[in-house]
Every structure is written in structure tokens, then in C-alpha cells.
Amino acid sequence: MSEEKLEEQEKDSIAAELDTEFSNLVNSVPPPDLEAVIADEPDENPFEEGKEKAFDENVEIIDYDIDDEITANDFKNNKRPIKKEREFDLKAEIISWIKMFVAAIVIAFVIVEFIIINATVPTGSMEKTILPGDRILGSRLTYLFHEPERGDIIVFKYQFEENTDYVKRIIGLPGETVSITNGEITIYKGDELIETLDEDYINGEWTWKANGYTFTVPEGRYFVLGDNRNNSKDTRYWYDEYYQTGQCTETELYISKEQILGKIYFRYWSAQEKSFFDKFKNLNK
């Protein structure tokens with residue numbers, strides 16, 4: 001027999017012996033006792049809904065914040081971390097309140113100076129529409145979007161006295177001619193008749209400075225009157241008191257768009273009206 005055949009026989013013999021030994025080992029292991037395994041199963045499922053699993057019986061599960069600086073070792077060693085209590089900082093609290101107060105003042109300033117008009121009318125030149133002491137509210141932004149219109153009630157900077165604001169009604173528009181005859185106003189554009197005004201807002205019968213006036217409104221300017229025509233210092237008064245005496249130019253009798261602070265929309269309080277609901281009035285008509 002050759003050496004190669006002897007080697008193959010030896011390998012086959014060793015493989016057979018190993019196979020026999022493995023089979024004997026498997027057969028020697030007893031089968032598991034299924035009844036015992038079932039009996040050893042726990043009665044409760046620690047992962048049932050609504051139940052929490054603690055790290056051990058002596059550790060309570062609680063919530064902590066990131067700032068509490070909890071480490072993994074705290075739980076590994078069954079150590080309950082101590083939750084930090086935030087100390088009251090009076091200085092920080094005061095600074096926080098100051099910031100809010102300053103912010104509120106700035107916001108209020110911006111609203112009043114650049115968005116709304118909130119004013120109290122001291123005189124009766126706009127009766128019966130606006131009474132003395134009435135508080136009115138308007139918008140500073142209205143004329144950013146369109147030009148002033150006839151009938152608008154406006155607040156404007158009074159041209160003959162510094163730091164004084166007036167409230168009047170726009171009657172004549174740029175380029176128009178305003179004629180006042182026997183307490184009646186007629187509007188012309190050149191030779192064309194535009195309209196004769198029906199002024200139901202006038203307070204009583206108009207008798208003072210009610211006749212013989214003709215005003216030609218320059219471009220970019222507006223002719224204004226008070227609703228209380230018998231007690232209103234408006235364009236008629238300025239014409240007699242300032243222009244006729246040489247104290248102003250003709251153009252200064254009229255209101256420029258730059259003088260207009262805004263348009264009035266509401267009366268939100270009136271001390272003279274007795275009924276609560278009459279204290280409020282829509283002026284945008």
C-alpha cells in the first residue's frame with residue numbers, strides 16, 4: 001500500500017471517531033423540563049403600560065433638568081442625584097422688570113409718535129361734531145397711501161403759533177376755488193362748478209363771516225374750516241387777521257400736506273355726553 005492511501009485511511013478513521021463521540025455527547029444531555037421553565041416565568045411584566053422600571057428597589061425615578069449635571073455613575077452606583085434648587089436673584093429680577101418697562105415705553109412712544117394720533121380737544125371750534133374735552137383717535141399713516149379728501153377731519157400743525165396743533169375739516173382741495181355766500185359754500189375748478197356743499201354737520205345757523213369770501217386754493221394746499229362756523233379760527237379768520245394786515249402771505253392761509261399730522265377717525269370718549277354709547281362716535285363719514 002502506498003503512503004498516500006495510508007494517510008487517507010487515517011483521516012477517515014479520525015473523522016469517524018469524532019462523529020461517534022459528538023453523537024454520544026448530544027445523546028447524553030437530558031431534554032429541558034418545559035413545565036419547570038413555564039413555572040419560573042414572572043407573574044408580572046415589568047414593561048407593562050403604565051409601569052416604570054426602577055434601577056433597583058431603592059431608587060426613585062424622577063425628572064431632572066440638564067442643568068442638574070447628572071452623570072451615568074449616579075445611576076450605576078444606585079445613587080439618587082440631588083436636584084438643584086434655583087436661588088432667587090433679586091438683582092436679575094429687577095433688571096428683568098426694568099427691561100420690560102423700558103420696552104413698553106419705547107413701543108408706546110413709537111405708536112403715539114408714528115402710528116396713531118391720540119388727542120384731547122380743548123375748544124368748541126368743531127362742535128357739534130367734536131365737543132370740548134372730547135378725546136379723539138386718528139391715524140398718522142392714512143395719507144401715506146392716498147391724498148386728503150374733502151370732508152376729512154384732520155389734525156395739523158398751526159402755522160401761526162409754534163407747538164400748537166389744530167383740528168379742522170377739509171373743505172377745499174388743491175386747485176379749487178371756494179366761494180362763501182350767505183352761509184353756503186360752492187366749489188369750483190376753474191370755471192367749472194364742482195358742487196354746492198350740503199353741510200349737515202354745521203353747529204346751528206352760520207352767521208359769522210358767512211358771506212363775501214372767495215378763496216383760490218394753491219396746489220399742494222388745503223382749505224379748512226371748523227364745524228362751529230360762528231366760533232372757529234380757521235381760514236376766514238386768518239385771512240382777516242393775518243393776510244389783510246400783511247402778517248402772512250396768501251399761501252400761508254392754507255394747510256400744506258407736510259403740516260397734516262393725520263386723519264381723525266373716532267371719538268372714544270366724551271365728558272359731555274351723558275349716555276355711555278353716545279360717548280363713542282365714528283368721525284370717518
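Residues numbered from 1 in each chain as written. Predicted model: local features only at pLDDT ≥ 70, side-chain atom pairs only at ≥ 80, totals over all residues. Heavy atoms only, no water.

Some remarks on the overall build of the protein chain
- Across its full length, the protein chain holds five helices and twelve strands.
- By residue count, 30% of the 285 residues in the protein chain fall in the buried class.
- Long-range pairs, those at least 24 residues apart, make up 58% of the contacts in the protein chain between residues at least 6 apart in sequence.
- When the accessible surface of the protein chain is split by element, carbon and sulfur atoms take 53% of a total near 20,200 Å². (Helix = DSSP H or I, 4+ residues; strand = E, 2+ residues; numbered from the N terminus. Buried < 20%, exposed > 50% of the residue type's maximum accessible area, 1.4 Å probe, protein only. Contact = heavy atoms within 4.5 Å. Areas by Shrake-Rupley, 256 points an atom, 1.4 Å probe, with all protein chains shown as cover.)

Some thoughts on the packing of aromatic side chains
- This structure, assessed with the given rule, holds 18 aromatic pairs.
- Consider the rings of Phe160 and Tyr242, whose centres lie 4.3 Å apart with planes at 15°: the pair is stacked. Within this pair, whereas Phe160 is found in the loop between strand S3 (153–157) and strand S4 (165–172), its partner Tyr242 is found in helix H5 (residues 235–243), the two being separated by 82 residues in sequence.
- A residue is classified by how much of its surface remains accessible, and Phe160, at 23% relative accessible area, is partly exposed.
- In this structure an aromatic cluster arises from ring pairing among Phe156, Tyr158, Phe160, Tyr166, Tyr237, Trp238 and Tyr242.
- Geometry around Tyr201 places Arg169 over its ring, the cationic atom sitting 3.8 Å from the centre.
- If you follow Lys279 out to its NZ or CZ, it ends over the ring of Trp269, 4.6 Å from the centre. (Phe/Tyr/Trp six-rings, centres within 6.5 Å; stacked < 30°, edge-to-face > 60°. Lys NZ or Arg CZ within 6 Å of the ring centre and 35° of its normal.)

Observations regarding the confidence of the model for the protein chain
- Overall, the prediction assigns the protein chain a mean pLDDT of 84, with 71% of residues at 70 or greater.
- A low-confidence stretch, residues 50–55 stays under pLDDT 50, and its non-local contacts, those more than four residues away or across chains, total nine contacts. (pLDDT = per-residue confidence, 0-100.)

Comments concerning the side chain of Thr129
- Within the secondary structure, Thr129 is located in the loop between strand S1 (116–120) and strand S2 (135–139).
- At 2.5 Å, the side chain of Thr129 forms a polar contact with the side chain of Asp227.
- When residues no more than four places from it in sequence are discounted, the contact partners of Thr129 are Ile153, Arg169, Tyr201, Asp227, Arg267, Lys281 and Leu283. (Polar contact = N/O pair within 3.5 Å; in protein donor to acceptor, adjacent residues only side chain to side chain.)

Here we look at the nonpolar core
- One finds Ile171, Val178, Ile185, Phe223 and Trp238 to be the most contacted residues of the largest nonpolar core, which totals 32 residues.
- Among the elements of the structure, S3, S4, strand S5 (177–181), strand S6 (184–189), strand S8 (213–216), strand S9 (221–225) and H5 are those that each provide at least two residues to this core.
- Top element by residues in this core is S9. It accounts for four residues.
- Excluding residues within four positions of it along the chain, Trp238 makes contact with Phe156, Tyr158, Gln159, Phe160, Tyr166, Val224, Lys233, Tyr243, Leu253 and Ile255.
- Core analysis: the next-biggest nonpolar cluster, separate from the first, contains eleven residues, Val121, Met126, Ile130 and Ile136 among them. (Core = buried A, V, L, I, M, F, W, Y, C linked by side-chain atoms within 4.5 Å.)

Looking at the sheet that holds S8
- Reading across from one edge, S7-S6-S5-S8 is the order of the four strands in this open sheet, with antiparallel pairing throughout. In the strand order of this sheet, the two ends are held by strand S7 (192–196) and S8, each with one partner. Adjacent strand axes in the sheet meet at a mean angle of 20°, parallel and antiparallel pairs treated alike.
- Strand direction decides the pairing type here: S6 and S7, joined by four bridges, are antiparallel. Residue pairing for S7: Thr186 is matched across the bridge by Thr196.
- Each of S5 and S8 touches H5; the most contacted strand, S8, lies at about 95° to it. (Pairing = 2+ DSSP bridges. Axes fitted to C-alpha atoms, helices over the stretch in contact; angles between N-to-C directions.)

Looking at helix H4 (residues 90–114)
- Here H4 contains 25 residues, and its C-alpha end-to-end distance of 36 Å stays within 8% of the 36 Å for a straight helix at 1.5 Å per residue.
- By the N-cap criterion, in which a side-chain oxygen at the helix start approaches the backbone nitrogen of a residue two or three places on, H4 is capped by Asp89, the distance to Lys91 being 3.2 Å. (Expected span 1.5 Å × (residues − 1).)

Quick look at unusual backbone geometry
- Omega for the peptide link from Glu127 to Lys128 comes to 10°, which places this bond in the cis form.
- Tracing the backbone shows Lys128 in the loop between S1 and S2.
- With a phi close to 55°, Asn163 is a non-glycine residue in the positive phi region.
- Tracing the backbone shows Asn163 in the loop between S3 and S4.
- Taking the relative accessible area as the measure of exposure, Asn163 reaches 82% and is therefore exposed.
- Here the phi dihedral of Asn182 falls at roughly 50°; this positive angle occurs in a residue that is not glycine.

As for the environment of Leu261
- Looking at where Leu261 falls in the secondary structure, it is placed in strand S11 (residues 260–269).
- A sequence separation of 106 residues divides Leu261 from Val155, and the C-alpha atoms of the two residues are 5.6 Å apart.
- Beyond its immediate sequence surroundings of up to four residues, Leu261 is in contact with Ile117, Ser139, Arg140, Val155, Phe156, Lys157 and Asp165.

Topic: the side chain of Arg229
- Along the chain, Arg229 turns up in the loop between S9 and H5.
- If sequence neighbours within four positions are ignored, Arg229 has contacts with Ile171, Ile185, Glu199, Tyr201, Ile202, Trp206, Trp208 and Arg236.

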